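For reference, the chains in residue letters:
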Amino acid sequence: MNGTIRSLAFAENGQQLLSGGGDGQVYHWDLRTRTCMHKGVDEGCINSTALCTSPSGTHFAAGSDSGIVNIYNREEFLGGKRKPVRTIENLTTKVDFMRFNHDSQILAICSSMKKSSLKLIHIPSYTVFSNWPPSNTSLHYPRCIDFSPGGGFMAVGNAAGKVLLYKLHHYQHA
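Along each chain, the written sequence defines residue order, and numbers are assigned to residues from 1. Under the rules for a predicted model, residues below a pLDDT of 70 receive no local features and side-chain atom pairs below 80 are neither given nor counted, while totals for whole chains, interfaces and linings still include all residues. To get the side-chain values, all heavy atoms of the structure are used, and hydrogens and water are removed first.

J.: Can you lay out the overall build of the protein for me, pointing to particular residues and giving the numbers?
T.: Here a helix means four or more residues in a row that DSSP labels H or I, a strand means two or more in a row labelled E, and each is numbered from the N terminus. On a plain count of helices and strands, the protein comes out with one helix and 15 strands. Any two residues whose heavy atoms approach within 4.5 Å at even a single point are treated as in contact. The long-range share in the protein, meaning contacts at least 24 apart out of those at least 6 apart in sequence, stands at 40%. Put simply, the protein shows about 8,800 Å² of open surface, and 51% of that area lies on carbon and sulfur atoms. Shrake-Rupley sampling with a 1.4 Å probe provides the accessible areas, and residues are treated as covered by the protein chains on show and by no other component.

If you want it as structure tokens, here you go:
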């Protein structure tokens, strides 16, 4: 890589690794051969701050210090199409953490630099849920997010040392 590494994400059942950093590029590494199999510019990115891959392997998301999150079709990106499927501009500060849920239908993104700065994106329609977070809820400064294996719960860790647990009613299993 040409620059600092700021984010990593495994893909293809651990056989590949994505990395991003200060040069605005996303690198795809083949861990079997330990070589870079592809690199491409994350559109509009100067400093990459977060990467995550969908469990289905179809998408990856790249977050930047400007608050922009680009969602890519992984196969198209590897094939040379470097335009994101969707650009999410709902955060105004550095993207610290992102996570896809178990069935790759929801992407959660957050910034720890602003109170309640967490957004959920519906991947099939690439739209941001307008009802999240609820206006009467304070998430404090979110630091990390995870979904339960069955998708029924979402946990949010914040700077106050609390873990907030939310039931996602669309999913039957925790």
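J.: Can you lay out the sheet that holds strand 15 (residues 163-167) for me, pointing to particular residues and giving the numbers?
T.: Ordered by their spatial adjacency, three strands build an open sheet running 13-14-15, and the pairing between neighbours is antiparallel. Either end of the sheet is taken by a strand with one partner, and the two such strands are strand 13 (142-147) and strand 15. For this sheet the average axis-to-axis angle between neighbouring strands, irrespective of direction, equals 20 degrees. Relative to strand 14 (residues 153-158), strand 13 runs antiparallel, the two sharing five bridges. Bridging across to strand 14, Pro-142 finds its partner in Asn-158. At least two DSSP bridges between two strands are needed for those strands to be called paired. Axes here refer to lines fitted to C-alpha atoms; in helices the fit is confined to the stretch in contact. Angles between the N-to-C directions go from 0 to 180 degrees.

J.: Go over the pattern of salt bridges, please, and point to the residues and values.
T.: One side-chain nitrogen of Lys or Arg within 4 Å of one carboxyl oxygen of Asp or Glu is enough to make a salt bridge. Per the stated rule, a full pass over the model turns up six salt bridges. Among the ionic pairs, Glu-12 bridges to Arg-74, the shortest N-O distance being 3.0 Å. One end of the pair, Glu-12, is in the loop between strand 1 (5-11) and strand 2 (16-21); the other, Arg-74, is in helix 1 (residues 74-78), with 62 residues separating them in the sequence. Of the charged contacts in the structure, one is a salt bridge between Arg-99 and Asp-146, with a shortest N-O distance of 3.4 Å. Residue Arg-99 is located in strand 9 (residues 97-100), and its partner Asp-146 is located in strand 13; the two are separated by 47 residues in the primary sequence. When accessible area is computed with a 1.4 Å probe and restricted to protein chains, residues below 20% of their type maximum are described as buried, those above 50% as exposed, and intermediate ones as partly exposed. Taking the relative accessible area as the measure of exposure, Arg-99 reaches 31% and is therefore partly exposed. Under the relative-accessibility criterion, Asp-146 is labelled partly exposed at 39%.

J.: Now, about a nonpolar patch on the surface: what can you tell me, with residues and values included?
T.: Within the patch definition used here, like charges are joined within 9 Å and nonpolar side chains (Val, Leu, Ile, Met, Phe, Trp, Tyr) within 5 Å, considering only residues with over 30% relative accessible area and no salt bridge. Among the surface-exposed residues, Met-1, Ile-5 and Leu-8 lie close enough to one another that they form a single nonpolar patch of about 280 Å² accessible area. With respect to the helices and strands, the residue Leu-8 is situated in strand 1.

J.: Which residues make up the packing of aromatic side chains, and what values do they have?
T.: Two rings from Phe, Tyr or Trp (for Trp, the six-membered ring) form a pair when their centres are within 6.5 Å of each other. A pair whose planes differ by under 30 degrees is stacked, one over 60 is edge-to-face, and the rest are tilted. The full count for this structure, using the stated rule, is five aromatic pairs. Note on Tyr-72 and Phe-77: the rings are 5.0 Å apart at their centroids and 65 degrees apart in plane angle, and the pair reads as edge-to-face. A relative accessible area of 0% means that Tyr-72 is categorised as buried. On the accessibility criterion, Phe-77 (0% relative accessible area) is buried. For the ring pair Trp-132 and Tyr-166, a centre distance of 4.8 Å and an interplane angle of 85 degrees mean the geometry is edge-to-face. Remark: Tyr-166 occurs in strand 15 and Trp-132 occurs in the loop between strand 12 (127-128) and strand 13; sequence separation between them is 34 residues. Among the aromatic residues, ring-to-ring pairing joins Phe-60, Tyr-72 and Phe-77 into one connected group. Lying across the ring of Phe-153, Lys-167 places its NZ or CZ 5.3 Å from the centre. As a reminder, the over-ring test applies to NZ of lysine and CZ of arginine, requiring each to be within 6 Å of the ring centre and within 35 degrees of the ring normal.

J.: Explain the pairing of strand 4 (residues 35-41) to me, using residue names and the numbers behind them.
T.: In the sheet, strand 3 (residues 25-30) pairs with strand 4 via six bridges, with the strands oriented antiparallel. Following the sheet pairing, His-28 is matched in strand 4 by His-38. Following strand 3, the chain reverses through four residues before pairing antiparallel with strand 4; Arg-34 in that reversal takes a positive phi of roughly 60 degrees.

J.: Lay out the sheet that holds strand 7 (residues 69-73) in plain terms, naming residues and giving numbers.
T.: Taken in spatial order, the four strands make up an open sheet running 5-6-7-8, and their pairing is antiparallel. Here the strands that pair on one side only, and so sit at the sheet edges, are strand 5 (48-53) and strand 8 (86-88). Neighbour to neighbour, the strand axes of the sheet diverge by 20 degrees on average, direction disregarded. Where strand 5 and strand 6 (residues 59-64) come together, five bridges link them in antiparallel fashion.

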